[in-house]
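# Structural description and commentary
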Amino acid sequence: MKNPYIVLGISQNATNQEIIVSVAKAMKNRTFSTREIAEARVTLSKPASRLAADFTFPIFPQRKKIRLIVPTLKSTGITIDSIDPDKYDSL
């Protein structure tokens, strides 16, 4: 199942009326199949399944210019072969 919020083009805080309007718009635009639109409507119309969808498909705000994390520590000369498994009980 695809993200129902993306299928209907709505935010997670949309009201039931906005969901109904978005279903009509989605059917008109035909971006997704009729079945996907119907599944999205059914999912978002029931409170329990909508709550599950909120946790399964969280929608995060768009972020611009996210910096990559660069590691500052670098390992030198340690390989998996140099570890003695008999020295540690957990291994």
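Now for a quick tour of the structure. (Residues numbered from 1 in each chain as written. Predicted model: local features only at pLDDT ≥ 70, side-chain atom pairs only at ≥ 80, totals over all residues. Heavy atoms only, no water.)

So, on to the overall build of the chain. Helices and strands together make up the secondary structure of the chain, namely four helices and zero strands. When the elements of the chain are put in sequence order from the N terminus, they spell out α-α-α-α. The burial tally for the chain puts 19% of its 91 residues in the buried class. In the chain, of all internal contacts separated by at least 6 residues, the share reaching a separation of at least 24 is 65%. Accessible surface, the chain: about 8,100 Å² in total, of which carbon and sulfur atoms supply 59%. (Helix = DSSP H or I, 4+ residues; strand = E, 2+ residues; numbered from the N terminus. Buried < 20%, exposed > 50% of the residue type's maximum accessible area, 1.4 Å probe, protein only. Contact = heavy atoms within 4.5 Å. Areas by Shrake-Rupley, 256 points an atom, 1.4 Å probe, with all protein chains shown as cover.)

Where helix 3 (residues 34–45) contacts helix 4 (residues 47–56), the axes come no closer than 5 Å and their chain directions differ by 105°. Between helix 3 and helix 4, the interaxial angle falls into the category roughly perpendicular. Of helix 4, the residues touching helix 3 (which contributes Val42, Thr43, Leu44 and Ser45) are Pro47, Ser49, Arg50 and Ala53. Residues belonging to the contact of helix 3 with helix 4 are distributed by class as follows: four nonpolar, three polar and one charged. (Axes fitted to C-alpha atoms, helices over the stretch in contact; angles between N-to-C directions. Parallel < 35°, antiparallel > 145°, perpendicular 65-115°, else oblique. Nonpolar A, V, L, I, M, F, W, Y, C, P; charged D, E, K, R; others polar.)

Here the focus is the nonpolar core. Within the largest apolar cluster, 12 residues are counted, these being Tyr5, Val7, Leu8, Ile10, Ala14, Ile19, Val23, Ala26, Ile37, Ala40, Leu44 and Ala53. Listing elements by their share of this core, those giving two or more residues are helix 1 (4–8), helix 2 (16–29) and helix 3. Aside from chain neighbours lying at most four places away, what touches alanine 40 is Pro4, Val7 and Leu8. (Core = buried A, V, L, I, M, F, W, Y, C linked by side-chain atoms within 4.5 Å.)

Next up on the list: the pattern of salt bridges. In this structure the tally under the stated criterion is two salt bridges. Two residues, lysine 2 and glutamate 36, come together in a salt bridge whose shortest N-O distance is 3.5 Å. Here the residue lysine 2 occupies a position in the segment before helix 1, and glutamate 36 occupies one in helix 3, the gap between them amounting to 34 residues. Overall, the relative accessible area of 46% leaves lysine 2 in the partly exposed class. The salt bridge involving glutamate 39 is made with arginine 35; its shortest N-O contact spans 3.3 Å. Pair noted here: glutamate 39 and arginine 35 are both in helix 3, with a separation of four residues, about one helical turn. (Salt bridge = Lys/Arg side-chain N within 4 Å of Asp/Glu carboxyl O.)

The next thing to look at is unusual backbone geometry. We note that arginine 30 has phi near 55°; this positive angle belongs to a residue other than glycine. Take arginine 30: it is sitting in the loop between helix 2 and helix 3.

At a closest axis distance of 10 Å, the pairing of helix 2 and helix 3 adopts a crossing angle of 180°. Classified by the angle their axes make, helix 2 and helix 3 are roughly antiparallel. Contacts between helix 2 and helix 3 involve Asn16, Ile19, Val23, Ala26 and Met27 from the former and Thr34, Ile37, Arg41 and Leu44 from the latter. The residue inventory of the contact of helix 2 with helix 3, partitioned by class, reads six nonpolar, two polar and one charged.

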